[in-house]
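# Observations on the model geometry
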Amino acid sequence: GRSQAAGIGAALGLLIGEQIVGQLLRGLNLHWATTLVNIFPNRNSQSLLAYNVFGPVDRNGEVLGQWHSLITIAIYAVLCIVVALVVFRRRDIRGAA
């Protein structure tokens, strides 16, 4: 249905749009722009995947810290669950009672 198409579109838009916006913001070389890019979900998931190796990780400025990435992804997960619950409660026709 329509909600499936919207979900796929939103996911693809997030993946592609995040890369474009991230590159544009990094090009500004401003502190606030770098901080904003460092809380994007894809950036954090890629940093977390960089730690999935045996041996030391080369943190040449591109790889964020493990805890930073884990907490950021957890916040996005909780945010998605809360939004899903709010939308479900609004669209629930019969209600729980």
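Our subject is the structure that appears above.
We now turn to the structure provided with this report. (Residues numbered from 1 in each chain as written. Predicted model: local features only at pLDDT ≥ 70, side-chain atom pairs only at ≥ 80, totals over all residues. Heavy atoms only, no water.)

This part is about the overall build of the protein chain. In terms of helices and strands, the protein chain carries four helices and zero strands. In terms of overall size, the protein chain is more extended than a compact globule, its C-alpha atoms giving a radius of gyration of 17 Å where 97 residues would be expected to give roughly 13 Å. Looking at the 97 residues of the protein chain, the share that counts as buried comes to 19%. Taking all contacts inside the protein chain whose residues are at least 6 apart in sequence as the whole, residues at least 24 apart take part in 31%. Carbon and sulfur atoms form 68% of the exposed surface of the protein chain, whose accessible area is close to 7,800 Å². Charge-centre separation for the protein chain: the mean point of 8 positive side chains lies 14 Å from the mean point of 4 negative side chains. (Helix = DSSP H or I, 4+ residues; strand = E, 2+ residues; numbered from the N terminus. Rg over C-alpha atoms; globule rule 2.2 N^0.38 Å. Buried < 20%, exposed > 50% of the residue type's maximum accessible area, 1.4 Å probe, protein only. Contact = heavy atoms within 4.5 Å. Areas by Shrake-Rupley, 256 points an atom, 1.4 Å probe, with all protein chains shown as cover. Lys, Arg positive; Asp, Glu negative; His and termini not counted. Charge placed at Lys NZ, Arg CZ, Asp CG, Glu CD.)

Take the layout of surface pockets next. Roughly 280 Å³ of internal volume is contained in the largest pocket. Around the largest pocket, the lining residues are S3, A10, L14, P41, Y76, L79, C80, V83, V87 and R91. The element contributing the most residues to the lining of the largest pocket is helix α4 (residues 66-91), with six residues. Of the residues contributing to the lining of the largest pocket, the split by class is eight nonpolar, one polar and one charged. Each pocket or cavity is described by its volume, and for the second largest pocket that value is around 200 Å³. Residue lining of the second largest pocket: 14 residues in total, with Q19, R26, N42, R43 and Q46 positioned closest to the centre. (1 Å grid on protein atoms, 1.4 Å probe; cavity = no way out; pocket = protein on both sides within 12 Å on 5 of 7 lines; lining within 4 Å. Points joined across faces, edges and corners; volume = space filled by probe spheres on them. Nonpolar A, V, L, I, M, F, W, Y, C, P; charged D, E, K, R; others polar.)

What follows deals with the side chain of N38. Inspection of the secondary structure assignment puts N38 in the loop between α2 (31-37) and α3 (41-50). Under the relative-accessibility criterion, N38 is labelled buried at 18%. If we ignore the near neighbours within four places in the chain, the residues touching N38 are R43, N44, L64 and H68.

The next point concerns the packing of α3 against α4. Look at α3 against α4: their axes get within 9 Å of each other, and the N-to-C directions meet at 135°. The pairing of α3 with α4 is recorded here as oblique in orientation. As for the relative orientation of α3 and α4, their crossing is left-handed in sense. In contact with P41, N44, S45, S47 and L48 of α3, α4 contributes Q66, H68, S69, L70, T72, I73 and Y76. (Axes fitted to C-alpha atoms, helices over the stretch in contact; angles between N-to-C directions. Parallel < 35°, antiparallel > 145°, perpendicular 65-115°, else oblique. Left-handed = near helix turned anticlockwise from the far one by under 90°.)

Geometric values such as these leave the question of function open.
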